[in-house]
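What the coordinates show
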Amino acid sequence: MAAEADDRVICVIGAGYVGLVTAAGLAETGRNVRVVEINPEQRAAVAEGRSPIHEPGLDELLSAVVSSGRLRAVEAMSEGVTGAGIVIVAVGTPPTPEGEADLSQVRQAVDEALIHAAAGSVVAIKSTVPPGTTRSLGRVSRRDDVSFVMFPEFLREGSALEDLRHPSRVVVGGDDPAAVRRVASLLGGPDTPRLLCDSVSAELIKYGSNAFLATKISFINEMAQLCELTGADIEKVADGMGLDPRIGRSFLSAGLGWGGSCFPKDVRALETSAGYHGQSFWLLKAAIEVNSQQRRRFAGKLLHGLGGSLEGRRLAILGLAFKPFTDDMRQAPAIDVIRQLEDLGAAVVATDPVAMDRARPLLQRTTLVDDPYEAVTGADAVGLVTEWPEYRALDWGRVLRLMRGRLVVDGRNCLDGAAISACGGTYVSMGRRPRATPATPAGPSADAVSGALPPLPLG
Ligand code: UGA
């Protein structure tokens, strides 16, 4: 506790996704950053300037800031926290079986940090925590000389460094205005919008942002269902709605819905938190239900497209990560979809450009191969789950020659359906009428695949 708090020295607790990207970004701006990580493998990777996760640009940045000495991975809390002006807590808040955020890692990190925290330092909670957590951590800390703020993060996997360097906004909440301002100055430039508020509002800004985006996706997915029933095209509907600047086109891409380490966990945690205050947050319950329905609807398209039985069928799945440009498999739609297809008797061969190692332990019945052309060879149907650019660029004529069947189900509406049907494929997507090809012994007609009703009469 002897060393004075120095804001040029930042301690980040937790070298997970958020902690590591934040630490590397702060070191890039010239701060002296120490990352406290208890996992020896993760710590060793960071110490060598290697990123333990796949994130574009992170390896290069880590190697630069580690070799320049501006970022250090340490094991002991004392080494990380002593003398730091700002201690950023970026440990996990995984969901409990009841859907709450498990705060045990946050509490432990804060307790240990406070033993070494300098007088005048600030503890900034970056982990996503339920409303009231930051204030209550401050109250129980018994350290009047240390301030607590909530410092939510808005990084997207796959473009996290870009988001960190050019944040859309910096939000910091807390009861000590000076501490809030110190933390708010860490990120962004003179033109970055900064919103300074109380910590409960900052906590709800984080949950509200994720829950709103997730609900927006579920809304467009419900619209996609209605498009199928009425014969409309969800891409046109989303384009038209998105042209209204109050709505905007982003997060209106229909498909397999949301996964990842944030949306599923945060939507449930917000819904559970609301419940503790006596509120039933019906909109979130619906968003969750629609999201799981999308996965079943996708599997259903494969099932119906192959005549109602998957027994003994070979299916190729393109893409495993929850979204492109990451190897993150947490809550990835691919897991539910593949397990469901396998439970229905299919033999699944799957591929992904970067997520195979993380997928293997989760998908033990599935054959994983590196080459997409190998994955599709002999397949009765192909299902696209993650919209990696390399799958859009496949030679679909070659794919169809290698397949045994004709059916291609595009769970992200990202493939060129016209080109696939011109090669003789039966192209089925989410929220659009299938591209018809004549019924053949190898594959059913497109209308049989969709089970689509004729368009409703207007008026
Ligand atoms: C999300 C938020 O976008 C970040 O702002 C936030 O900081 C982060 O969670 C977090 O809380 O840490 P991320 O999980 O990386 O970021 O992924 P997104 O790009 O938001 O995508 C989430 C999911 O929604 C993906 O499964 C994606 O495929 C899906 N999605 C996205 C759609 O199905 N349709 C869309 O139009 C957009």
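Residues numbered from 1 in each chain as written. Predicted model: local features only at pLDDT ≥ 70, side-chain atom pairs only at ≥ 80, totals over all residues. Heavy atoms only, no water.

1. Some words on the overall build of the protein chain
Along the backbone of the protein chain there are 19 helices and 14 strands. Over its C-alpha atoms the protein chain spans a radius of gyration of 24 Å, differing by no more than 12% from the 23 Å that the globule rule assigns to 459 residues. Counting all 459 residues of the protein chain, 54% fall into the buried class. Residue pairs in contact within the protein chain that sit at least 24 positions apart in sequence constitute 69% of those at least 6 positions apart. For the protein chain, the computed accessible surface area is about 19,700 Å², with 55% contributed by carbon and sulfur atoms. Each charge sign in the protein chain was given a centre, from 48 positive and 55 negative side chains, and these centres are 3 Å apart. (Helix = DSSP H or I, 4+ residues; strand = E, 2+ residues; numbered from the N terminus. Rg over C-alpha atoms; globule rule 2.2 N^0.38 Å. Buried < 20%, exposed > 50% of the residue type's maximum accessible area, 1.4 Å probe, protein only. Contact = heavy atoms within 4.5 Å. Areas by Shrake-Rupley, 256 points an atom, 1.4 Å probe, with all protein chains shown as cover. Lys, Arg positive; Asp, Glu negative; His and termini not counted. Charge placed at Lys NZ, Arg CZ, Asp CG, Glu CD.)

2. Description of the side chain of Asp380
For Asp380, the position within the fold is in the loop between helix H15 (372-376) and strand S12 (381-384). At a separation of 3.4 Å, a polar atom in the side chain of Asp380 contacts the side chain of Arg313. (Polar contact = N/O pair within 3.5 Å; in protein donor to acceptor, adjacent residues only side chain to side chain.)

3. Thoughts on the confidence of the model for the protein chain
Scored by pLDDT, the protein chain has a mean of 93; 94% of the residues are at 70 or more. Predicted confidence for residues 450-459 stays below pLDDT 50, and this span has 11 contacts to residues more than four positions away or in other chains. (pLDDT = per-residue confidence, 0-100.)

4. Here we look at the pattern of salt bridges
Tallied over the entire structure, the rule returns 28 salt bridges. Two residues, Asp163 and Arg156, come together in a salt bridge whose shortest N-O distance is 2.6 Å. One salt-bridge network, in which partners are shared between bridges, spans Glu157, Asp328 and Arg330. (Salt bridge = Lys/Arg side-chain N within 4 Å of Asp/Glu carboxyl O.)

5. Structural notes on the packing of aromatic side chains
Following the criterion strictly, the structure yields two aromatic pairs and no others. Their ring planes at 50° and their centres at 6.2 Å tell us that Phe251 and Phe263 sit as a pair that is tilted. Of this pair, Phe251 sits in the loop between helix H10 (234-242) and helix H11 (263-276) while Phe263 sits in helix H11, and the two are 12 residues apart along the sequence. Of the residues examined, Phe251 reaches a relative accessible area of 30% and is grouped as partly exposed. Lying over the aromatic face of Phe154, Arg169 brings its terminal NZ or CZ to 3.6 Å of the ring centre. For Arg398, the ring lying beneath its charged end belongs to Tyr373, and the centroid distance is 3.7 Å. (Phe/Tyr/Trp six-rings, centres within 6.5 Å; stacked < 30°, edge-to-face > 60°. Lys NZ or Arg CZ within 6 Å of the ring centre and 35° of its normal.)

6. Quick look at the sheet that holds strand S4 (residues 84-89)
Spatially, the eight strands line up as an open sheet ordered S3-S2-S1-S4-S5-S6-S7-S8, and their pairing is mixed. Each edge of the open sheet carries a strand with a single partner, namely strand S3 (71-74) and strand S8 (194-197). Neighbour-to-neighbour, the strand axes of this sheet turn through a mean angle of 25°, independent of strand direction. Contacts between helix H9 (residues 199-230) and the sheet are confined to strand S6 (147-150), strand S7 (170-174) and S8, with S7 contributing the most and set at about 140° to the helix. (Pairing = 2+ DSSP bridges. Axes fitted to C-alpha atoms, helices over the stretch in contact; angles between N-to-C directions.)

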